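# Fold and geometry: a report
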Amino acid sequence: MASNCDMCVNYVYDEDYECYSCLVNLDEDEMYRFLTGHQNECPYFQLDDEYGVVRHQI
């Protein structure tokens, strides 16, 4: 299953732990589906579009 976390705005680098982590706090059911691979796509995914603001200004 391909992960789209690398392109998500919620996936940020944590300097304290020196790794990437998700800012979304999943509940118990969502975490179970995520860890077992039964969820095909993340319901909290937001594209990290750095140029979206620039396109809006044009």
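Not measured: the values here are computed from a predicted model.

## Re the side chain of N10
By the element assignment, N10 lies in the segment before β1 (11-14). A residue is classified by how much of its surface remains accessible, and N10, at 14% relative accessible area, is buried. A distance of 3.0 Å separates a polar side-chain atom of N10 from the backbone oxygen of Y44.

## Points about the packing of aromatic side chains
If you walk through the whole model with that rule in mind, you get 2 aromatic pairs. Ring centres of Y11 and Y20 lie 5.4 Å apart, and the angle between their planes is 20 degrees; on these two criteria the pair is classed as stacked. Centroid distance Y13 to Y20: 5.1 Å. Interplanar angle 70 degrees. Geometry classified as edge-to-face.

## Brief notes about the environment of M7
Summarising the element assignment, M7 is placed in the segment before β1. With 38 residues separating them along the chain, M7 and F45 place their C-alpha atoms 8.6 Å apart. Apart from the residues within four sequence positions on either side, M7 is in contact with F45, Q46, L47 and D48.

## Thoughts on a nonpolar patch on the surface
Side chains of L26, M31, F34, L35 and Y44 sit close together on the surface and give an oily, nonpolar patch of about 480 Å² of accessible area. Residue position: M31 is located in helix α1 (residues 28-36). Overall, M31 belongs to the partly exposed group, its relative accessible area being 35%.

## Things to note about the pairing of strand β2 (residues 19-22)
The pairing of β1 with β2 spans 4 bridges and is classified as antiparallel. By the bridge assignment for β2, Y13 is matched with Y20. Where β1 folds back onto β2 in an antiparallel hairpin, the turn is made up of 4 residues, including E18, whose phi is positive at roughly 55 degrees.

Rules and cut-offs
- Residues numbered from 1 in each chain as written.
- Predicted model: local features only at pLDDT ≥ 70, side-chain atom pairs only at ≥ 80, totals over all residues.
- Heavy atoms only, no water.
- Helix = DSSP H or I, 4+ residues; strand = E, 2+ residues; numbered from the N terminus.
- Buried < 20%, exposed > 50% of the residue type's maximum accessible area, 1.4 Å probe, protein only.
- Polar contact = N/O pair within 3.5 Å; in protein donor to acceptor, adjacent residues only side chain to side chain.
- Phe/Tyr/Trp six-rings, centres within 6.5 Å; stacked < 30°, edge-to-face > 60°.
- Contact = heavy atoms within 4.5 Å.
- Patch = residues over 30% accessible without salt bridge, like charges linked within 9 Å, V, L, I, M, F, W, Y side chains within 5 Å.
- Areas by Shrake-Rupley, 256 points an atom, 1.4 Å probe, with all protein chains shown as cover.
- Salt bridge = Lys/Arg side-chain N within 4 Å of Asp/Glu carboxyl O.
- Pairing = 2+ DSSP bridges.

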